[in-house]
Amino acid sequence: MVSTVRIPRLVVAAPSSGSGKTTVATGMMAAFTGRGLTVSPHKAGPDYIDPGYHALATGRPGRNLDAYLCGTELLGPLFAHGAAGADLAVVEGVMGLYDGAAGQGELASTAQLAKALRAPVVLVVDGSSQSRSVAALVHGFASWDPEVRIGGVILNKVGSDRHEELLREALDEAGVDVLGVLRRTPQAATPSRHLGLVPVAEREPDAVAAVAAMAEQVRAGCDLDALWALARSAPPLAGAPWDPAGALAGSGTPPPSGPRPVVAVAGGAAFTFSYAEHAELLTAAGAEVVPFDPLRDEHLPESTGALVIGGGFPEVYAPELSANAALRAEVAALAAAGAPVAAECAGLLYLARELDGAPMCGVLDASARMTERLTLGYRDAVAVGDSVLAPAGTRVSGHEFHRTRLEPGAGTAPAWGVVRPGPPRTEGFVQGGVHASYLHVHWAALPTAASRLVARAVRPGAPV
């Protein structure tokens, strides 16, 4: 018997970036939460920052759905896992509706995700510089792929009552429902920086106010009843939810016996990039997951036997991270003792000798600095040798997103051989129990990373 998931759902998309997807999606999440619904927030693609605002709006973890990183076969199961127990799921798209991985057709696009989830799409259209032409624009998006169901439009950045009237008349002629009209509201603006919006963890009081303003915009300008009816029109989704224990069942590494090893996971304002499924996999693999903040905590959590340091903005906090010399020394000692340490991007920089001249942990004999050049995109890679995360030859899909440069970019034992795009190259470091790399990898597609790390973690009471 095929299991099905019944969850009302919407995908919030746009013709292009900058149209207002985040404002509408976050405001919608908060508005429906304010109505007493349990809302499950999701984000298409590898973005880490928007999910922080989604979590603030809903009180639930913001989760990513990425066909490139996880494979199309996991989109539905991961969605169902994240939406378990929710009354409504709202998925914010990425870029324009039909934009995906470069040169890969619809792969990793919002359109592909909407089709995989069988979810109606709400198209957010920037109406600021058009009137009747909006009908042609929306008609093109609605007819481009018959499998993508455009359930209605929310008009954003509308200038006046007369402007709204012209836009509504045009879309009425085209037979497209207008589900909302939003005017410019500066209070809902969120500041940006070199890699996008400033994360919630760095501006929480202001972020709370911004989310409240987004919710008020949506409540005032959108037909929530019509949006709720559209969400409930989504058909049942076939398949079982993803389960971390089930994902690990075939890993070949049984959970450790005895006391659960402590896996410390970096967080706080400097390390805000993570996937919720990573902690769930570590827990299912037998670990006790304990968060810590390298900006505030002078010591690793008690009995730490393994360390995970994800992405974030260490370059913004380099002096503060450097000033916490006691913690840096503990991280270096843990790595020197051979305990497993998994570091991605920001974690890689934190383990380096220095970052913009500020001393870091010195685990890696490498120096990092900020640059003007943005490195961004999906990567296909293969494990060059055995490591705490993967055996040699393991193929992964990852994502790179930073404005820093590391010298050297790879150790004598690199973490990955990047095979696409561009010419083959190696990057990252494997030394002892350390695996450090610029590549962000979603462990739902590599669950053995969690079981391997936990299997090598130092048990409580054992010498480090």
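Predicted model, so just to flag it, every value in this text is computed and none were measured.

Regarding the packing of helix α6 (residues 133-144) against helix α7 (residues 161-173)
Between α6 and α7, whose axes approach to 8 Å, the crossing angle comes to 45°. With respect to α7, the axis of α6 lies oblique. Every pair of crossing elements has a handedness; the one defined by α6 and α7 is right-handed. Contact with α6, carried on its side by Val134, Ala135 and Val138, involves Leu167, Ala170 and Leu171 of α7 and no other residues of that element.

Remarks on the sheet that holds strand β5 (residues 88-92)
Spatial strand order, β4-β3-β5-β2-β6-β7-β8: seven strands in an open sheet with parallel pairing. A single partner strand is all that each edge strand has here, and the edge strands are β4 (63-65) and β8 (178-181). Across this sheet, the average inter-strand angle for adjacent strands is 25°, counted without regard to direction. With three bridges joining them, strand β3 (residues 39-44) and β4 adopt parallel strand pairing.

Thoughts on the packing of helix α4 (residues 75-83) against helix α5 (residues 110-117)
Contact geometry for α4 and α5: axes closest at 9 Å, N-to-C directions at 70°. Classed by the angle they form, the pair α4 and α5 counts as roughly perpendicular. On the side of α4, the interface is formed by Leu75, Gly76 and Phe79, while α5 contributes Leu113, Ala116 and Leu117. A class-by-class count of the residues in the contact of α4 with α5 yields five nonpolar, one polar and no charged.

Some details on the pattern of salt bridges
Going through the model one piece at a time under the given rule, you end up with 20 salt bridges. Note that Arg35 and Asp225 form a salt bridge whose closest N and O atoms lie 3.0 Å from each other. Pair noted here: Arg35 is in the loop between α1 (21-34) and β3 and Asp225 is in helix α9 (residues 224-232), with a separation of 190 residues, a long-range link. Owing to a relative accessible area of 47%, Arg35 belongs among the partly exposed residues under this scheme.

Re empty space enclosed by the protein
Counted according to the given criterion, the structure contains two cavities of 30 Å³ or more. Considered as a void within the structure, the second largest cavity measures approximately 40 Å³ in volume. Surrounding the second largest cavity, Ala44, Gly45, Leu65, Asp66, Ala67, Leu75, Ala108, Ser109, Gln112 and Leu113 form its lining.

Some points on the nonpolar core
With 113 residues, the main nonpolar core has Met28, Leu155, Leu282, Trp443 and Leu453 as its most contacted residues. With seven residues, the single largest contributor to this core is α1. Once residues within four sequence positions are removed from consideration, Leu453 is found in contact with Val263, Leu282, Ala306, Leu307, Val308, Pro340, Ala342, Val388, Leu389 and Trp443. Core analysis: the next-biggest nonpolar cluster, separate from the first, contains 40 residues, Leu334, Ala366, Ala368 and Tyr438 among them.

Here's the deal with the layout of surface pockets
Roughly 970 Å³ of internal volume is contained in the second largest pocket. Elements supplying a minimum of two residues to the lining of the second largest pocket: α2 (50-58), β12 (262-266), α11 (276-284), β13 (288-292), β14 (304-309), β15 (341-344), β23 (434-437) and β24 (440-441). A per-class count over the lining of the second largest pocket returns 29 nonpolar, 13 polar and one charged.

With respect to the side chain of Thr375
With respect to the helices, strands and loops of the structure, Thr375 is situated in strand β18 (residues 367-383). Take Thr375: its relative accessible area is 11%, and that puts it in the buried class. Side-chain polar atoms of Thr375 contact the side chain of Arg373, separated by 3.1 Å. Setting aside residues no more than four positions away along its own chain, Thr375 makes contact with Glu400, Phe401 and His402.

Description of helix α13 (residues 325-336)
Compared with the 16 Å implied by 1.5 Å per residue over twelve residues, the 16 Å span of α13 between its first and last C-alpha is a close match. Among the residues of α13, those classed as buried are Leu327, Arg328, Val331, Leu334 and Ala335. Looking down the long axis of α13, one finds its buried residues gathered within 125° of arc, a one-sided arrangement. Gly338 lies just past α13 and shows a positive phi near 95°.

Observations regarding the packing of aromatic side chains
Considering all chains together, one arrives at eight aromatic pairs under this definition. When the ring of Phe273 is compared with that of Phe313, the centres are 5.4 Å apart and the planes differ by 80°; the resulting orientation is edge-to-face. Separated by 40 residues along the polypeptide, Phe273 in the loop between β12 and α11 and Phe313 in the loop between β14 and α12 (318-323) bring together distant segments of the chain. Taken individually, Phe273 and Phe313 each receive the classification buried, so the pair is uniform in this respect. Ring pairs connect the aromatic residues Tyr48, Phe273, Tyr275 and Phe313, which therefore count as one cluster.

As for the UniProt feature "site: Increases nucleophilicity of active site Cys" (unreviewed entry) in the chain
In the numbering adopted here, UniProt assigns the feature "site: Increases nucleophilicity of active site Cys" (unreviewed entry) to His440. A relative accessible area of 1% places His440 in the buried class. If sequence neighbours within four positions are ignored, His440 has contacts with Tyr48, Leu69, Phe273, Gly311, Glu344, Cys345, Ser397, Gly398 and His399. Among the polar contacts listed, one links the side chain of His440 to the side chain of Glu344, at a separation of 3.2 Å.

Parameters and conventions
Residues numbered from 1 in each chain as written. Predicted model: local features only at pLDDT ≥ 70, side-chain atom pairs only at ≥ 80, totals over all residues. Heavy atoms only, no water. Axes fitted to C-alpha atoms, helices over the stretch in contact; angles between N-to-C directions. Helix = DSSP H or I, 4+ residues; strand = E, 2+ residues; numbered from the N terminus. Parallel < 35°, antiparallel > 145°, perpendicular 65-115°, else oblique. Left-handed = near helix turned anticlockwise from the far one by under 90°. Contact = heavy atoms within 4.5 Å. Pairing = 2+ DSSP bridges. Nonpolar A, V, L, I, M, F, W, Y, C, P; charged D, E, K, R; others polar. Salt bridge = Lys/Arg side-chain N within 4 Å of Asp/Glu carboxyl O. Buried < 20%, exposed > 50% of the residue type's maximum accessible area, 1.4 Å probe, protein only. 1 Å grid on protein atoms, 1.4 Å probe; cavity = no way out; pocket = protein on both sides within 12 Å on 5 of 7 lines; lining within 4 Å. Points joined across faces, edges and corners; volume = space filled by probe spheres on them. Core = buried A, V, L, I, M, F, W, Y, C linked by side-chain atoms within 4.5 Å. Polar contact = N/O pair within 3.5 Å; in protein donor to acceptor, adjacent residues only side chain to side chain. Expected span 1.5 Å × (residues − 1). Arc of directions from axis to C-beta. Phe/Tyr/Trp six-rings, centres within 6.5 Å; stacked < 30°, edge-to-face > 60°. UniProt positions renumbered as here; feature names shortened; annotations may be inferred.

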